[in-house]
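# Observations on the model geometry
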Amino acid sequence: MSLPVETDRLTKRYGELVAVDEVTLTVRPGEIYGFLGPNGAGKTTTLRMLLGLVRASSGSVRLLGSAPGSPGHLERVGALIEGPGFWPYLSGRDNLKVLARYAKVGASDVDRVLDLVDLTDRAGDRYRTYSLGMKQRLGVAAALLKDPRLLILDEPTNGLDPAGMADMRALIRKLGADGCTVLLSSHLLSEVQQICDRVAVIAKGRIVAESTVAELRGDVRVKVVADPLPLAAETARALLGADKVAVEDGALALDLEPAHAGRVNRELVTAGVNVTEIRPLERDLEQVFFELTGQGEGNVG
Amino acid sequence: MSGSTAAELIKMIRRPANWAMVGVALMLAMTFTYLAPYAGVAGAESGMPGNDRGLAALLPDQLVGNSVAGLPVFVGGIALVIGVLAVGGEYGWGTWKTLLTQGPSRLTVYAGKLAAIAVACLVLVASLFATGAVASAIIASVEDQALNWPSLGDLALGLGAGWLIAVMWAALGALLAIAMRGVALPLGLGMVWMLVVQNLLASIAAPLIDWVGELQKGLPGPNAGSLVSSLGAPGGTPGVSELVGSGQATLVVAGYLVAFVAVGALILRRRDVV
């Protein structure tokens, strides 16, 4: 069975500038794959190369086994790239009808996708009257017209209000559960963290990490707030070893699986330590992202 | 191909700007082919300075020449605008990516656009014939003149020649839109060529410089002018002159059409869609 997305040392150069540098990705069937990167990292250029909109300087791409430009390359692929683009003088429904003719699908599919993105009520209104969120939802509807096996979504929740974002996440999860593979780029790390099975991080055109969200976040630690702290630290070191115990911000940070926290708590109490808080100390994806890309906060795209 | 043509036709028909262009073309044609000359004729009859074209030039038997007379310049400019709008709008609205991610090849989309443009040009030229027929019939009735219509063969020839010229200009518009990835600059440059450069070459440069005169015989505008002239377009109309024979003019216009389409396809196929 062909992999939904397979790239091998995919590269795009604009003169001296290397926008995408030997990117090798593999997206497996049925997974929701996150694609993260700061602004200008080469994320959208990579997605455009996958879809044949931009020609690769070198390397190869295969979507569902087909190379860009080959017949049927995008037959079962839906995409929303860098925001929605539609004809403003047409209604939402007529925009989709135009696209349906290109996609070779019927009018019933137009109604189906309008319903999926909850736009049926406003489908007869001109696109130019739509809010940003409605435009975004119409973009997703267009991507779903062909009942795709692979969906490539570039910032799909842009412009959506919190309820719309939650609906979109639910829709993506549902598509994933129905067997559709989703390649999702997002500037919202929390979003990727919530719905993606695996994540690739791109910086300066190169993939700097690719793994599951859990692997990216690394080892989970346990925070213990206790008094007196020196006695607590001494007891924990005796129990776990000195290299697994650190004192950070007035608390203990233990390299320990959270499942073993109860044993530590028991030993500390037995030693006469007053324990007021024990909880897992997880690195979130944002923290990992900044470490990987060397970026400051607020510049994720 | 049929799906892309149908899709492009839907977009063209629903776009108000295209109908506005057809309306402008008809208004120009009516005003300068029938209303102003007829006002001149009527003025001459009542002692006012007359129009040298005379009443005979406004009657139904002159329908073919009158209907295609504007195509070398003014109506040709309208056709060019239609071509620019059909292709250039996709860049401005970011709809190339929306179209292409539905699966068709670039050339399929381009072919659909050209087919829709060809239909639009046929509607434009046929509208000129229809309104011209109505106007000339009214003038003939008011002036108590016989309703002698051109033969069907002449009408078909005129319609075909007019359509060929209109499609050529529209294809130039499409090419400019692809080359410049937008609407504004192609429109500006296209109009400068149609309305300014062509006139300067014909009225100033060609009479003074021999090689410009020779060059005129190979340019699209003068060949379009020669073609419509051979069909009876009035000599005083801008862009209308018999520089070459109708056979050569037809071949040159058709050659430009093929060249514009081919270069447009080449650029569209090679360039990244960003």
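Model, not experiment: these values are computed from the prediction.

What follows covers the overall build of chain B. In terms of regular secondary structure, chain B is built from 11 helices and zero strands. Taken from N to C terminus, the helices and strands of chain B fall in the order α-α-α-α-α-α-α-α-α-α-α. In terms of C-alpha radius of gyration, chain B reaches 20 Å, essentially the compact-globule figure of 19 Å for 274 residues. Within the span of chain B, comprising 274 residues, buried residues form 52% of the whole. Total accessible area on chain B is roughly 11,400 Å²; 70% of this is exposed by carbon and sulfur atoms. Averaged over its 12 positive side-chain charges, chain B has a centre that lies 26 Å from the centre of its 12 negative ones.

Another aspect to go through is helix α2 (residues 92-103) of chain A. Taking 1.5 Å per residue, 12 residues should reach 16 Å; α2 of chain A reaches 16 Å between its end C-alpha atoms and fits that length. Taken across its 12 residues, α2 of chain A has nine buried, putting it largely inside the fold. Along α2 of chain A, the positions that sit buried rather than exposed are Gly92, Asp94, Asn95, Leu96, Val98, Leu99, Ala100, Tyr102 and Ala103 of chain A. Summarising the contacts, the buried residues of α2 of chain A are in contact with α3 (107-116) and α4 (132-144) of chain A together with α1 (2-14), α5 (95-100) and α6 (106-142) of chain B. Backbone geometry just after α2 of chain A places Lys104 of chain A at a positive phi near 60°.

Residues and elements named next belong to chain A. Taking strand neighbours across the sheet as the criterion, the four strands line up as β12-β13-β11-β14 in an open arrangement whose pairing is antiparallel. Of all strands in the sheet, those with a lone pairing partner are β12 (245-248) and β14 (274-281), marking the two edges. Averaged over all pairs of adjacent strands, the angle between their axes in this sheet comes to 25°, without regard to strand direction. Bridging between β12 and strand β13 (residues 251-254) involves four bridges; their strand directions are antiparallel. Of the residues in β13, the one forming a bridge with Val247 is Leu252.

This brings us to the UniProt feature "transmembrane region" (unreviewed entry) in chain B. Residue and element names in this part refer to chain B. In this structure's numbering, the residues bearing the UniProt feature "transmembrane region" (unreviewed entry) are residues 19-39, 69-93, 114-140, 160-180, 187-209 and 249-268. Structurally, residues 114-140 is divided into 100% helix and 0% strand, and its ends, taken at the C-alpha atoms, are 38 Å apart. Overall, residues 249-268 shows 100% helix and 0% strand. The separation of its end C-alpha atoms is 28 Å.

In this complex, chain B contributes 29 residues to the contact, which on the side of chain A involves 29 residues. Carbon and sulfur atoms make up 59% of the surface buried where chain B meets chain A, a total of about 2,600 Å² over both sides. It is Lys97, Thr101 and Gln102 of chain B that lose the most area in chain B upon contact with chain A, and together they represent 27% of the buried surface on that side. The interface formed by chain B and chain A includes two salt bridges. Residue Arg14 of chain B is joined to Asp94 of chain A by a salt bridge in which the shortest nitrogen-to-oxygen separation is 2.4 Å.

Residues and elements named next belong to chain A. A cluster of like negative charges, contributed by Asp115, Asp118, Asp121, Asp161 and Asp167, occupies part of the molecular surface. Inspection of the secondary structure puts Asp118 in the loop between α3 and α4. Among the residues examined, Asp118 registers a relative accessible area of 59% and is labelled exposed.

Let us now look at the packing of aromatic side chains. Here the structure, examined in full by the defined rule, presents five aromatic pairs over all chains. Directly above the aromatic system of Tyr127 of chain A lies the positively charged group of Lys135 of chain A, at a separation of 5.4 Å from the ring centroid. Between Lys113 of chain B and the ring centre of Trp96 of chain B, over which it is positioned, the NZ or CZ distance is 5.6 Å.

Further remarks concern the sheet that holds strand β10 (residues 206-212) of chain A. All names here are of chain A. As summarised here, the arrangement of the six strands in space is β6-β7-β8-β4-β9-β10, forming an open sheet in which the pairing is mixed. Edge strands, defined here as strands with exactly one partner in the open sheet, are β6 (77-80) and β10. Strand after strand, the sheet turns through a mean of 15° between neighbouring axes, direction not considered. The pairing of strand β7 (residues 150-154) with strand β8 (residues 181-185) spans five bridges and is classified as parallel. Bridge assignment links Leu153 to a residue of β8, and that residue is Leu184. Against the sheet, α4 contacts β6 and β7, and its axis sits at roughly 165° relative to β6.

All names here are of chain A. In this structure, Glu277 sits in strand β14. Expressed as a C-alpha distance, the spacing of Glu277 and Ala253, which sit 24 residues apart in the sequence, is 12 Å. A distance of 2.6 Å separates polar atoms of two side chains, one belonging to Glu277 and the other to Arg279.

Moving on, we get to the packing of α4 of chain A against helix α5 (residues 162-177) of chain A. Residues and elements named next belong to chain A. Running from amino to carboxyl end, α4 crosses α5 at an angle of 10°, the nearest separation of the two axes being 12 Å. By the angle class used here, α4 and α5 are roughly parallel. For the pair α4 and α5, contact is made by Arg137, Val140 and Leu144 and by Met168, Leu171 and Leu175, respectively. Taken together, the residues of the contact of α4 with α5 sort by class into five nonpolar, no polar and one charged.

Okay, the domain arrangement of chain A next. Accessible area lost upon the coming together of the parts is a frequently used measure of interface size. One can read the domain layout of chain A as domain 1 (5-216) and domain 2 (219-282). Distance between the C-alpha centres of domain 1 of chain A and domain 2 of chain A: 44 Å.

Now for the pairing of strand β4 (residues 32-36) of chain A. Residue and element names in this part refer to chain A. For β4, the tally of buried residues reaches five of five residues, placing the bulk of the element in the interior. Neither face of β4 is open: one carries Ile32, Gly34 and Leu36, the other Tyr33 and Phe35, and all of them are buried. Relative to β8, β4 runs parallel, the two sharing four bridges. Pairing of Phe35 across the sheet is with Ser185, part of β8.

Another point: the packing of α2 of chain A against α4 of chain A. Residues and elements named next belong to chain A. Here α2 crosses α4 at 25°, and the two axes come no closer than 10 Å. Compared by their axis directions, α2 and α4 come out roughly parallel. Of the two elements, α2 crosses α4, and the hand of that crossing is right-handed. Contact residues: α2 offers Gly92, Asn95, Leu96 and Leu99, while α4 offers Leu138, Ala141 and Ala142. For the contact of α2 with α4, the residue count by class is five nonpolar, two polar and no charged.

Analysis parameters
Residues numbered from 1 in each chain as written. Chains lettered and ligands numbered in written order. Predicted model: local features only at pLDDT ≥ 70, side-chain atom pairs only at ≥ 80, totals over all residues. Heavy atoms only, no water. Helix = DSSP H or I, 4+ residues; strand = E, 2+ residues; numbered from the N terminus. Rg over C-alpha atoms; globule rule 2.2 N^0.38 Å. Buried < 20%, exposed > 50% of the residue type's maximum accessible area, 1.4 Å probe, protein only. Areas by Shrake-Rupley, 256 points an atom, 1.4 Å probe, with all protein chains shown as cover. Lys, Arg positive; Asp, Glu negative; His and termini not counted. Charge placed at Lys NZ, Arg CZ, Asp CG, Glu CD. Expected span 1.5 Å × (residues − 1). Contact = heavy atoms within 4.5 Å. Pairing = 2+ DSSP bridges. Axes fitted to C-alpha atoms, helices over the stretch in contact; angles between N-to-C directions. UniProt positions renumbered as here; feature names shortened; annotations may be inferred. Buried area = accessible area lost by both parts, 1.4 Å probe. Salt bridge = Lys/Arg side-chain N within 4 Å of Asp/Glu carboxyl O. Patch = residues over 30% accessible without salt bridge, like charges linked within 9 Å, V, L, I, M, F, W, Y side chains within 5 Å. Phe/Tyr/Trp six-rings, centres within 6.5 Å; stacked < 30°, edge-to-face > 60°. Lys NZ or Arg CZ within 6 Å of the ring centre and 35° of its normal. Polar contact = N/O pair within 3.5 Å; in protein donor to acceptor, adjacent residues only side chain to side chain. Parallel < 35°, antiparallel > 145°, perpendicular 65-115°, else oblique. Nonpolar A, V, L, I, M, F, W, Y, C, P; charged D, E, K, R; others polar. Domains from an automatic or database assignment. Left-handed = near helix turned anticlockwise from the far one by under 90°.

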